[in-house]
Amino acid sequence: MVWHPYSAVNADLCIFPVKSAQGVVIKLMDGRELIDGMSSWWSAIHGYNHPVMNQAIIRQLESMAHIMFGGLTHQPAVELAAKLVEITPNSLATVFFSDSGSVAVEVAMKMAIQYWHSKQQPNKQKMLTIRHGYHGDTFGAMSVSDPVNGMHSLFASSLAQQIFVDAPSCKFHQTCTANDSQPLIEQLEKNHQQIAAVILEPIVQGAGGMRFYSPDYLKHVRELCDQFKVLLILDEIATGFGRTGKLFACEYAKTEPDILCLGKALTGGYLTLAATMTTTEIAQSISHHDPGVFMHGPTFMANPLACTAGLASLDILLNSSWQEKIVQIEKALKIGLKPCLDFPQVKDVRVLGAIGVVELQSPVNLKTIQPKFVDEGVWLRPFNKLIYLMPPFIITDDELHDLINAVIKIISRI
Ligand SMILES: *Cc1c(COP(=O)(O)O)cnc(C)c1O
């Protein structure tokens, strides 16, 4: 038996065997073809089986698939790090590679704590965050993810106790009021001597509820972090690489983090790779104070195949007219999903960049709804009350139209 994500091992699970995937089409073993509306959880931004991506990886494979990163280095890692430094906010100058998003978050939290240790402030070990966040499934990442969605009660005595405040209620296009940041201010005033960092997903809270909040709030968080001498960690693992309409969502607020987490679309959905980036000041401070090294080093750190995929993916993205494409997808999602608002079973419809969300009044039954989407020829994976679309950027107008129509048809029958 094989476990699937967030699943039981029951035999009655509805799992669809895939034969191959090409462009935005997932081909099932039984011959059915599905338009992909998920980008394999935010990652496959250029679609599947991309000839340029394939070629780059094959070429790298012929020289080496992997080599340890302790004491050795290689071109793909050096080039990808340089590229990331070039395209991310100016203050970020160093890159720590790891295997997955969750690990990148663990690394970010350790960096923040080790930075304050290097500044003779060893009491600054706690993280402050907002509810409805999602930062991954490992213990550190879980400790800052939403306590209810993340079932903190189940892991209570193993989980670090972090500080949570209410998420802002100001929506993307709204301005924030003092009420939105008041809970954060209160906690910072009370606990700043224990807080190493504030950690947030900028603008879009993903798996914790698909909520979009105002850039105003993020700007204010940055100011508060500076005022109270707390680092700001931004988790752009879901939002990075164009998905929201900016290359990085923090650009909406013209805000720079002290530490940035990247993953998911970093390799165009080909291989697992993540990065934690920070400023020269933080990296130097950690490196020049006891113990004089940063205490982390995964076995598959900076895997050459994954770094090569990252370079190829960024090359494709940055040489495409991705901004226009995202605007086009956004427009189609806004117009196409609007009729959903007429259904009594729909609570809200929201769109930002290439992300479309239909929030229902009550949770879906995944077991019954999943086969219906497949019967309609689309691949969507709702969770809880949310049916959401985040297609590969290469999706055509017609394919997007079919995807949206399937959503409307199925919601109308719930
Ligand atoms: C998916 C995700 C993670 C975890 O990444 P994994 O690669 O699944 O470990 C962390 N943060 C955010 C915002 C994510 O969307």
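Going by the structure above, here's the rest.
Scoring rules and cut-offs
- Residues numbered from 1 in each chain as written.
- Predicted model: local features only at pLDDT ≥ 70, side-chain atom pairs only at ≥ 80, totals over all residues.
- Heavy atoms only, no water.
- Helix = DSSP H or I, 4+ residues; strand = E, 2+ residues; numbered from the N terminus.
- Rg over C-alpha atoms; globule rule 2.2 N^0.38 Å.
- Buried < 20%, exposed > 50% of the residue type's maximum accessible area, 1.4 Å probe, protein only.
- Contact = heavy atoms within 4.5 Å.
- Areas by Shrake-Rupley, 256 points an atom, 1.4 Å probe, with all protein chains shown as cover.
- Pairing = 2+ DSSP bridges.
- Axes fitted to C-alpha atoms, helices over the stretch in contact; angles between N-to-C directions.
- Disulfide = S-S within 2.5 Å.
- Expected span 1.5 Å × (residues − 1).
- Arc of directions from axis to C-beta.
- Near = heavy atom within 4 Å.
- Polar contact = N/O pair within 3.5 Å; in protein donor to acceptor, adjacent residues only side chain to side chain.
- Nonpolar A, V, L, I, M, F, W, Y, C, P; charged D, E, K, R; others polar.
- Lys, Arg positive; Asp, Glu negative; His and termini not counted.
- Salt bridge = Lys/Arg side-chain N within 4 Å of Asp/Glu carboxyl O.
- Left-handed = near helix turned anticlockwise from the far one by under 90°.

1. Some words on the overall build of the chain
In terms of regular secondary structure, the chain is built from 12 helices and 16 strands. For 414 residues, the compact-globule estimate of 2.2 N^0.38 gives 22 Å, and the C-alpha radius of gyration of the chain, at 21 Å, lies within 12% of that figure. For the C-alpha atoms alone, the extent of the chain along its principal axes is close to 60 × 55 × 45 Å. Across the 414 residues of the chain, 54% fall into the buried class. Considering only contacts in the chain between residues 6 or more positions apart, those separated by 24 or more positions represent 72%. A total of about 18500 Å² of accessible surface is found on the chain, and carbon and sulfur atoms cover 55% of it.

2. Regarding the sheet that holds strand β12 (residues 274-279)
A sheet is described by the order of its strands in space; here 7 strands give the open sequence β4-β12-β11-β10-β7-β5-β6, paired in mixed fashion. Bordering the open sheet on either side are β4 (92-98) and β6 (163-165), each of which pairs with just one other strand. Here the strands of the sheet are splayed against their neighbours by 20° on average, with no regard to which way each runs. Here 4 bridges tie strand β7 (residues 195-200) to strand β10 (residues 231-235), and the two strands are oriented parallel to one another. The residue bridging leucine 200 from the neighbouring strand is leucine 234, located in β10. Where helix α6 (residues 178-191) meets the sheet, its contacts fall on β5 (126-130), β6 and β7, and the angle it forms with β6 comes to roughly 155°. Helix-sheet contacts for helix α7 (residues 215-227) involve β5, β7 and β10, and the interaxial angle to β10 is about 150°.

3. What to know about the state of the cysteines
Think of a disulfide as a covalent bridge from one cysteine sulfur atom to another cysteine sulfur atom. Enumeration over the complete set of coordinates arrives at 1 disulfide. Disulfide partner of cysteine 170: cysteine 176, at an S-S distance of 2.2 Å. Every disulfide takes its handedness from the sign of the S-S torsion; for cysteine 170 and cysteine 176 that torsion is 70°, giving right-handed. Classification of cysteine 170 as buried rests on a relative accessible area of 3%.

4. Topic: helix α10 (residues 322-337)
An α-helical turn contains 3.6 residues, so any two residues separated by three or four positions project in the same direction. Here α10 contains 16 residues, and its C-alpha end-to-end distance of 22 Å stays within 8% of the 22 Å for a straight helix at 1.5 Å per residue. Residues of α10 that are buried include every one of Trp322, Lys325, Ile326, Ile329, Glu330, Leu333, Gly336 and Leu337, and no others. Seen from one end, α10 has its buried residues packed into an arc of 145°, which puts them on one side. In α10, the exposed positions angled more than 90 degrees off the buried face are occupied by Glu324, Lys331 and Ile335. Next to the buried residues of α10 lie α9 (304-318), β13 (346-352), β14 (355-360), β16 (386-389) and α12 (397-412).

5. A look at the site of the ligand
Around the ligand, the neighbouring residues are Ser100, Gly101, Ser102, Tyr134, His135, Gly136, Glu201, Asp235, Ile237, Ala238 and Lys264. Note that an oxygen atom of the ligand is positioned 2.6 Å from one of the side-chain N or O atoms of serine 102. Contact distances for the ligand include 2.6 Å between an oxygen atom and a side-chain N or O atom of lysine 264. Computed on the free molecule, the ligand has an accessible area of 380 Å², of which 83% lies beneath the protein chains in the complex. Classifying every residue of the shell around the ligand by side-chain character gives 3 nonpolar, 5 polar and 3 charged.

6. Notes on the side chain of aspartate 235
Following the sequence through the fold, aspartate 235 ends up in strand β10. One buried charged side chain, aspartate 235, makes no salt bridge at all; its nearest oppositely charged neighbour is lysine 264, positioned 7.2 Å away. A polar side-chain atom of aspartate 235 sits 3.0 Å from the main-chain amide nitrogen of isoleucine 237. Ignoring anything within four residues of it in the chain, the contact list for aspartate 235 reads Val105, Tyr134, His135, Leu200, Glu201, Pro202 and Cys261.

7. Re the pairing of β12
Counting buried positions along β12 gives 6 out of 6 residues, so the element sits mostly inside the fold. Bridging between β4 and β12 involves 6 bridges; their strand directions are antiparallel. Bridging across to β12, serine 98 finds its partner in alanine 274. One ladder, built from 4 bridges, connects strand β11 (residues 259-262) with β12; its direction is antiparallel. Its bridge partner being in β12, leucine 260 is matched across the sheet by methionine 277.

8. Concerning the side chain of glutamine 187
For glutamine 187, the position within the fold is in helix α6. When near neighbours in sequence (up to four residues on either side) are disregarded, glutamine 187 contacts Leu128, Ile163, Val165, His192 and Ile195.

9. Things to note about the packing of helix α4 (residues 101-118) against helix α8 (residues 280-288)
Running from N to C, α4 and α8 cross one another at 65°; their axes reach a closest spacing of 8 Å. You can see that α4 and α8 cross each other, and the crossing is left-handed. Of the residues in α8, those touching α4 at Met111, Gln114, Tyr115 and Ser118 are Glu281, Ile282, Ser285 and Ile286. Considered class by class, the residues forming the contact of α4 with α8 number 4 nonpolar, 3 polar and 1 charged.

10. A closer look at the pattern of salt bridges
Within this structure, the stated rule accounts for 11 salt bridges. Of the charged contacts in the structure, one is a salt bridge between glutamate 281 and lysine 119, with a shortest N-O distance of 3.4 Å. Note that glutamate 281 is positioned in helix α8 and lysine 119 in the loop between α4 and β5, a separation of 162 residues in sequence. With its nearest N and O atoms 2.7 Å apart, the salt bridge here joins aspartate 348 to arginine 350.

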